[in-house]
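Summary of the model geometry
Here's the letter readout for the chains.
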Amino acid sequence: MTTAQTTPDEGITRPAAVTMLGPDFPFGYDEHLAHPAGLGSVPAEHHGREVAIVGGGLSGMVTAYELMRMGLKPVVYEADQIGGRLRSQPFGGTHNQGIAELGGMRFPLSSRALFHYIDRLGLRTSPFPNPLSEATPSTVVELGGESFYARGYDDLPDFLKDVADAWHEALGEVGFAEMQRAIAARDVPRLKELWNELVLTLDEETFSGFLANTKAFGSRSFRHREVFGQVGFGTGGWDTDFPNSMLEILRVIFTNADEDHQMIHGGAQQLPVGLWTDAPECVHWPAGTSLESLHGGAPMPGVARIGRAEGERFEITDRWGTARTYDAVVVTCQVWLLSARIDVDESLFSPDLWMAMERTHYMQSSKTFVRVDRPFWKDVDPHTGRDVMSMTLTDRLNRATYLLEDDGTASICLSYTWNDDALKWLALPVEERVRLQLHSLRKIYPGVDLASHIVGDPITVSWESDPNFMGAFKANLPGHYRYQRRLFTHFVQDELPAHRRGIFLAGDDISWTAGWAEGAVTTALNAVWGVVRHFGGSSAPGNPGPGDRFAELAPLALPDGA
């Protein structure tokens, strides 16, 4: 239930042009990408020089793609497959039987930097069937064994509407409307002024603590907060986020990251794979050059070690023991891997940065999908006149069930859970997961033989059990603002000692926007700027990059001392 889809008399008006212009560092990455002069250039004597890219997810692909366009030679290391957490696994091994989106599956239209690449590759998108969205024929909210059927917001019972009112009022208490006006107008001074005040007051506040301390929820019952946690707004329940920093939640809400979601037809993995295979116009490289062709068709193996070589170069050793040296390195994997999976020379990063990496908090995430013979949920029950099955939000183990169609194929995400709810599935094999999930859905839809529609084998994932990820996405805990600032700002290296320059961090866990592909793109562009500067290059005339405007836009620095 998004605020855009609720009753219009909440006292919240939404500007038309809200984007993911992050309030911590309000640099217009979308405008930077769209500038006709391009992103920048490196001196011709460096054309063809190799830069190691650790990780072939979206951030790694954007970094490599843009560096290739400038005439450098990215060398991508990937431990598994191109795509990272944009992983579209086909049912039955072929895409014509449909796919299961194991990672990112819905992308807000406010992600304008992300959509720059989606549009560049010509990928087709359409609205994702979130609860109560226009793309969703019907939604069932089931709490405490009681079900509520709704085709739209107006069909919800008064109590759920009052929960929605409380959330809107709570947002009003932290200046929601004014923040969105500043974002839409790209009024950077006002945006930073408003946001920095919130950083000072809310850095140590949990999501649940914020709710309890607002007038909106404080004047209502505990049940209001409980139901809000179970049902939530936008993509579903919020209670697995309750221990996280309230600043993380506000970054999502202020930038419409939880609104107007799109799905990518054929699977989100097409985006990083498309960047791998696309042959853009490049400096230095001949026409038809792609990242794939520069690599002879496949990326390098996963990385085992990162260290220093002679002459301030870097040595990357892959998992089979082969070592190569580079002038610069961009690390896009999740930062926990730099201590848990990759042997990294500790001197490459400061103790403060290592602390920030170790304190990074990752959310667990579990999904289970089944392919079905047809979108049977569109059948109408002749006795009730309702759809026989709906997009479902519940307090049962499943938590959220999505009904999905993609160009003639139909599938169901039986369960999508985070954190503690995801850990409940961790030890269970896929067959047991499906059995329990079907059991819960039979309680909600007793007349529906869902199992009879299942075709082939189910697909499941628990990202926290994958050794190449160890979690789904970053979500800061209270008090982690300082750590996030250290990670995000590392791409500006003028003040670093020489032995710590030339290795850059990128990825959505470095970004301020937890779990959104937009953060993978924007931090990649930060790293691109850093590499260009490291090679003595510069941004294109008239198109300053993120580092060029850093002094003006830098995130608020909170004191570290007593």
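Description of the structure in this document.

Calculation criteria
Per chain, the residues get numbers from 1 upward, laid out in the order the sequence is written. Per-residue local features are limited, in this predicted model, to residues with pLDDT of at least 70; the limit for side-chain atom pairs, both in listing and counting, is 80 or more; totals at the level of whole chains, interfaces and linings are taken over all residues. Only hydrogens and water are removed before side-chain values are computed, so all heavy atoms of the structure are retained for them. Working definition: helices are DSSP H or I runs of at least four residues, strands are E runs of at least two. Numbering for both runs from the N terminus. By definition in these notes, contact holds between two residues if any of their heavy atoms fall within 4.5 Å. Identification of polar contacts relies on pairs of N or O atoms within 3.5 Å, with a donor-acceptor requirement for protein atoms, meaning one able to donate a hydrogen and the other able to accept it, and with residues adjacent in sequence counted only if both atoms are side-chain atoms. Two rings from Phe, Tyr or Trp (for Trp, the six-membered ring) form a pair when their centres sit within 6.5 Å of each other. Planes less than 30 degrees apart are called stacked, planes more than 60 degrees apart edge-to-face, and all others tilted. Exposure classes here rest on a 1.4 Å probe applied to the protein chains alone. A residue is buried below 20% of its type maximum, exposed above 50%, and partly exposed in between. Any two strands between which DSSP finds at least two bridges are classified as paired. The axes are straight lines fitted to the C-alpha atoms, using for helices just the contacting stretch, and the angles between their N-to-C directions are given from 0 to 180°.

Moving on, we come to the environment of arginine 399. Its place among the elements puts arginine 399 in the loop between strand 18 (391-394) and strand 19 (400-406). For the pair arginine 399 and glutamine 437, spaced 38 residues apart in sequence, the C-alpha separation works out to 9.7 Å. Aside from chain neighbours lying at most four places away, what touches arginine 399 is Gly229, Gln230, Gly237, Asp239, Thr392, Leu393, Thr394, Tyr416, Thr417 and Asp421. Among the polar contacts made by the side chain of arginine 399, one reaches the side chain of aspartate 239 at a distance of 3.2 Å. Only 2.5 Å separates the side chain of arginine 399 from the side chain of aspartate 421, close enough to count as a polar contact.

Summed over the entire model, instances satisfying the criterion amount to 26 aromatic pairs. Ring geometry for phenylalanine 207 against phenylalanine 228: centres 6.0 Å apart, planes inclined by 85°, an arrangement best described as edge-to-face. Of the two residues, phenylalanine 207 is situated in helix 7 (residues 207-213) and phenylalanine 228 in helix 9 (residues 222-231); the sequence distance between them amounts to 21 residues. By the burial criterion, phenylalanine 207 is buried, and phenylalanine 228 matches it. Joined through ring pairs, the aromatic side chains of Phe25, Phe27, Tyr29, Tyr481, Phe488, Phe491, Trp512, Trp529 and Phe550 make up one cluster.

Here we have four strands laid out as an open sheet, ordered 3-2-14-23, and parallel in their pairing. The sheet is open, and its two edges are formed by strand 3 (73-77) and strand 23 (503-505), each paired on a single side. For this sheet, the mean inter-axis angle between neighbouring strands, taken without regard to orientation, is 20°. Sheet analysis places strand 2 (residues 50-54) next to strand 14 (residues 328-331), joined by four bridges and oriented parallel. If you follow valine 51 over to strand 14, its bridge partner there is alanine 328. Across the sheet, helix 18 (residues 517-534) lies against strand 2, strand 14 and strand 23, angled at about 165° from strand 23, the strand it touches most.

The strand order across the open sheet built from four strands is 13-12-11-15, with neighbouring strands paired in mixed fashion. Across the chains shown, the open sheet's two edge strands, defined by having one partner strand only, are strand 13 (323-326) and strand 15 (343-344).

A few words now on the pairing of strand 11 (residues 303-308). In terms of strand pairing, strand 11 meets strand 12 (residues 314-318) through five bridges, oriented antiparallel. Bridge pairing in strand 12 links glycine 307 to glutamate 315. Hairpin connection between strand 11 and strand 12: a loop of five residues separates the two successive antiparallel strands, and glycine 311 in this loop has a positive phi of roughly 70°. Examined bridge by bridge, strand 11 and strand 15 share two bridges and lie parallel to one another. When the sheet's bridge partners are listed, arginine 305 is paired in strand 15 with aspartate 343.

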